[in-house]
Amino acid sequence: MFTKAENDLMTLTAPGTPGGKLLRAYWQPVALASDLPANGAPLPLTIMSEELVLFRDEFGRLGLMPINCPHRGADLSYGRIEGGGLRCVYHGWVFDVTGQCLEQPAEPRGKQFCQHVRHTAYPCREAAGMIFAYLGEGEPPLFPEHEVLRAKPEQVHIWKFRENCNYLQALEGDIDPFHLNFLHKALTSLDAGAAPGTVDQFYEFYVNGTPRMEIDRMDFGLRIFTIRELGERAYLRVTNYVGPNLAIVAGPTGDDGYTALWHVPVTDTLHIKYMVNFKRSGPINHEMLRKVYELHVIPGTDLQNRRTRENRYLQDREEMKDRWFAGLGPSFSVHDNFVTESMGPIYDRSKERLGYSDMAVVAARRFILQGIADMAAGKEPQGRIHDPQKARMDDIVVRSYLVSDKANFRQGIHDRAVAAE
Ligand code: FES
Ligand SMILES: [Fe+2]
């Protein structure tokens, strides 16, 4: 259904690639705010195979630029924060957050030409404890003011994971609602053996419900309905694909908030997953979520996962008999990390056999390919925001609840169980 050429278009994101051009046309998270504290050292980063340096100047303003100094290429992440920007330690040139060269102290007086030197600089925004940047060409679109990005710090819990595979196969997992019935399944009752917050209250539907799916095409991407019927009752999940690389789904806060997941390529075979849990009604349980995180990432390391390809993800065949279907413990993020890495560094979609349950994944790929085609034709790709009315992303609806009228399950999806703000 998808060719090798289409696979390359969607998965390769280095500078100059069509897929990289598409992802760069949208605001992307590039770091956590805590990665770059005030007065902290400049941070070397690789985003979509491009080496960059992120820094805060003496006034707290954020700068992001290619890592090599435009003079003779020294690594600017070793630079000093002074003189109104970032000073290269090789010959002392200073660049401000707009990339403008402010000083060339090694040049003789009267021969300095710093007003003619401007390094590439990418606009940055800080929101909800994350730093976003626009790495594309021309004017950036409006910043998407998602509900989670407007929330108070006590309402959000931010996670960051390193995933050793292409960004797209991991993103596809987020909009693949049927894998809840298998990969994440617990074999015992809700209370036994499960870490808090990892098993949803609708567990019986994940195990036994017969899924049905419908998709609405939205300006931002896709609104995905999954309805699981069990006898007289029906459980509805509404999930969102926000093109090109964000998913917003029901998470541990159930119907009272959501989980946003951005998958941002480091290289074509490594990406960072930024996952943000949001509780609409008030403070989220940071302590409990931190414990779940530590099932996945070893504290005090540079995002080192406990379970890796090398240790076969510590799969436990005993546990598979009566506790966890996949034998990988209770953490959903561990399950997702395992299964998407297991597909290989860059999954070849020309080899797959797609079925009914893959309809959202297929629709998301069509969104990406259409965006690439539009950009190649000089057109605006879908989902870039220019209308301030749309910047609040109010069309994003996330639900996880039992519906009373399963024939008309779309009715009432906007009636939030918990009032916003
Ligand atoms: S290489 Fe940076 S100032 Fe010379
Ligand atoms: Fe999952």
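Counting of residues starts from 1 at the beginning of each chain's written sequence and follows it residue by residue. For naming, the first written chain is A and the first written ligand is 1, with later ones following in the order written. In keeping with the model being predicted, local features are shown solely for residues with a pLDDT of at least 70 and side-chain atom pairs are shown and tallied solely at 80 or more, while totals for entire chains, interfaces and linings include all residues. Hydrogens and waters are ignored; side-chain quantities use all the structure's heavy atoms.

## Section: the overall build of the protein chain
- We count a stretch as a helix when DSSP gives it H or I for four or more residues in a row; a strand needs E for two or more, and each element gets its number in order from the N terminus. Broken down by element type, the protein chain carries nine helices and 18 strands.
- Throughout, the radius of gyration refers to the C-alpha atoms, and the reference size of a globule is 2.2 Å times the residue count to the power 0.38. Taken against the 2.2 N^0.38 rule, which gives 22 Å for 421 residues, the C-alpha radius of gyration of the protein chain at 23 Å falls within 12% of a compact globule.
- Seen along its three principal axes, the alpha-carbon backbone of the protein chain occupies a region of about 85 × 45 × 45 Å.
- Classification of the 421 residues of the protein chain by burial places 54% in the buried group.
- In what follows, a contact means two residues having at least one pair of non-hydrogen atoms within 4.5 Å. Partitioning the intrachain contacts of the protein chain with sequence separation of at least 6 by distance along the chain shows that 62% fall at a separation of at least 24.
- Within the structure as shown, the protein chain displays about 18600 Å² of accessible surface, and the carbon and sulfur contribution to it stands at 52%.
- Here the protein chain contributes 48 positive and 54 negative side-chain charges, whose respective centroids are spaced 1 Å apart. Relative accessibility under 20% of the residue-type maximum defines a buried residue, over 50% an exposed one, and the middle range a partly exposed one, all with a 1.4 Å probe and only protein chains included. Only the protein chains shown count as covering a residue, and every accessible area follows the Shrake-Rupley method with a 1.4 Å probe. Only four residue types enter the tally: Lys and Arg on the positive side, Asp and Glu on the negative side, with His and both chain ends excluded. Charge positions are represented by NZ for Lys, CZ for Arg, CG for Asp and CD for Glu.

## Details of the pattern of salt bridges
- Salt bridge criterion: a side-chain nitrogen from Lys or Arg within 4 Å of a carboxyl oxygen from Asp or Glu. Counted under the stated rule, the structure contains 26 salt bridges.
- Here Arg 410 and Glu 214 are joined by a salt bridge, their closest N and O atoms 2.7 Å apart. Separated by 196 residues along the polypeptide, Arg 410 in the segment after strand S18 (399-403) and Glu 214 in strand S12 (residues 210-217) bring together distant segments of the chain.
- Arg 410 gets classed as partly exposed once you look at its relative accessible area, which sits at 33%.
- Classification of Glu 214 by relative accessible area gives partly exposed; the value is 29%.
- Connected via shared salt-bridge partners are Arg 212, Glu 214, Asp 216, Glu 229, Lys 406 and Arg 410.

## Some words on the coordination of the iron ion (ligand 2)
- Sodium, potassium and calcium take a 3.2 Å donor cutoff, other metals 2.8 Å, and in both cases only N, O and S atoms count; water is not among them, so sites may look incomplete. His 179 (NE2), His 184 (NE2), Asp 336 (OD) and Asp 336 (OD) make up the full set of protein donors to the iron ion (ligand 2), lying at 2.1 to 2.6 Å.
- Angular criteria define each label, namely tetrahedral for four donors with all angles between 85 and 135 degrees, square planar for four and octahedral for six donors with opposite donors over 155 degrees apart and remaining angles between 65 and 115, and irregular for whatever fails these tests. Each of the four donor atoms bound to the iron ion (ligand 2) contributes to angles spanning 54 to 154°, and the resulting shape is irregular.
- The motif formed by the donor residues of the iron ion (ligand 2), counted along the single chain, is H-x4-H-x151-D.
- On the basis of relative accessible area, His 179 is assigned to the buried category, the value being 17%.
- In this structure His 184 comes out as buried when scored by relative accessible area, which is 4%.

## A few points about the nonpolar core
- The definition of a nonpolar core used throughout is a set of buried Ala, Val, Leu, Ile, Met, Phe, Trp, Tyr and Cys residues joined through side-chain atoms within 4.5 Å. In terms of nonpolar packing, the biggest core is built from 86 residues, with Leu 54, Leu 149, Tyr 241 and Trp 262 touching the most fellow members.
- Per-element accounting of this core gives the leading share, eight residues, to helix H9 (residues 359-376).
- With near-sequence residues (within four places) excluded, Trp 262 lies in contact with Pro 29, Met 130, Phe 132, His 146, Leu 149, Asn 245, Leu 246, Ile 272, Lys 273, Tyr 274 and Val 276.
- By size, the runner-up hydrophobic cluster in this structure holds 14 residues, among which are Phe 55, Leu 86, Phe 95 and Val 97.

## A few points about the domain arrangement of the protein chain
- For the protein chain, the assigned domains are domain 1 (28-133) and domain 2 (147-408).
- Computed over C-alpha atoms only, the centres of domain 1 and domain 2 are separated by 34 Å.
- Domain 1 puts 15 residues into the contact, and the matching count from domain 2 is 13 residues.
- Where domain 1 abuts domain 2, roughly 1200 Å² becomes buried across the two surfaces, and 67% of that area is made up of carbon and sulfur atoms.
- Where domain 1 touches domain 2, the interface holds one salt bridge.
- For the purposes of these results, a polar contact is taken to be a pair of N or O atoms within 3.5 Å, where, inside protein, one atom must be able to donate a hydrogen and its partner to accept one; residues adjacent in sequence count only when each atom of the pair is a side-chain atom. Seen at the junction of domain 1 and domain 2, the total is seven residue pairs in polar contact (both at pLDDT 80 or more).
- At the level of elements, strand S1 (28-32), strand S2 (43-47) and strand S10 (130-133) are the ones that each hand at least two residues to the side of domain 1 that touches domain 2. Where each domain starts and ends follows an automatic or database-derived domain assignment. Summed over both partners, the accessible area (1.4 Å probe) lost when two parts come together is defined as the buried area.

## With respect to the packing of helix H1 (residues 4-11) against H9
- Fitting a line to C-alpha atoms yields each axis, with helices limited to the stretch in contact; the angle taken between N-to-C directions then spans 0 to 180 degrees. Their axes nearest at 10 Å, the elements H1 and H9 cross at an angle of 80°. Between H1 and H9, the angle is such that the two are roughly perpendicular. Where H1 approaches H9, its residues Glu 6, Leu 9 and Met 10 are matched on the opposing element by Arg 365, Arg 366, Ile 368, Leu 369 and Ile 372.
- Each residue gets one of three labels, nonpolar for Ala, Val, Leu, Ile, Met, Phe, Trp, Tyr, Cys and Pro, charged for Asp, Glu, Lys and Arg, and polar for the others, Gly among them. Residue composition of the contact of H1 with H9, by class: five nonpolar, no polar and three charged. In what follows, roughly perpendicular refers to angles from 65 to 115 degrees, roughly parallel to angles under 35, roughly antiparallel to angles over 145, and oblique to any angle outside these ranges.

## What to know about H9
- Between the first and last C-alpha of H9 there are 26 Å, a value that for 18 residues agrees with the 26 Å anticipated at 1.5 Å per step.
- Turning to H9, its buried residues number three or more, namely Ala 360, Val 361, Val 362, Ala 363, Ala 364, Arg 365, Phe 367, Ile 368, Leu 369, Gly 371, Ile 372 and Asp 374.
- Here the buried face of H9 lies against H1, helix H2 (18-24), helix H4 (167-174), S12, strand S13 (221-230) and strand S14 (233-242).
- Taken from the residues just after H9, Gly 378 is the one with a positive phi, measuring 80°. Expected span, for any helix, means 1.5 Å times one less than how many residues it has.

## Regarding a nonpolar patch on the surface
- On the surface, Phe 182, Leu 187 and Phe 325 cluster together into a nonpolar patch covering about 260 Å² of accessible area.
- Note on placement: Leu 187 falls in the loop between H4 and helix H5 (203-208). In this scheme, patches are assembled from residues that exceed 30% relative accessible area and form no salt bridge. Like charges are connected within 9 Å, while nonpolar side chains (Val, Leu, Ile, Met, Phe, Trp, Tyr) are connected within 5 Å.

## Here we look at the packing of aromatic side chains
- Side-chain rings of Phe, Tyr and Trp, where Trp is taken by its six-membered ring, are said to pair if the distance between their centres is within 6.5 Å; with planes under 30 degrees apart they count as stacked, over 60 as edge-to-face, and otherwise as tilted. What the rule picks out here adds up to 16 aromatic pairs.
- Taking 5.4 Å as the distance between ring centres and 45° as the angle between the ring planes, the aromatic pair formed by Phe 161 and Tyr 293 counts as tilted. A residue pair is termed long-range when its members are at least 10 positions apart, and Phe 161 in strand S11 (residues 156-163) and Tyr 293 in helix H6 (residues 286-294) qualify at 132 residues.
- A relative accessible area of 0% places Phe 161 in the buried class.
- For Tyr 293, a relative accessible area of 18% puts it in the buried group.
- Centre to centre, the rings of Tyr 258 and Phe 278 are 5.2 Å apart; their planes meet at 65°, and the pair counts as edge-to-face. One end of the pair, Tyr 258, is in strand S16 (residues 257-267); the other, Phe 278, is in strand S17 (residues 270-279), and 20 residues separate them in sequence.

## Section: the sheet that holds strand S4 (residues 62-66)
- In this analysis, strands are considered paired if DSSP registers two or more bridges between them. Taken together, the three strands give an open sheet; going across it, the order is S2-S3-S4, and neighbouring strands pair in antiparallel fashion. The open sheet terminates on both sides in strands that have one partner only, identified here as S2 and S4. Each adjacent strand pair in this sheet contributes to an overall mean axis angle of 30°, direction not counted.
- Note: strand S3 (residues 50-56) against S4, five bridges, orientation antiparallel. Bridge pairing in S4 places Val 53 opposite Met 65.

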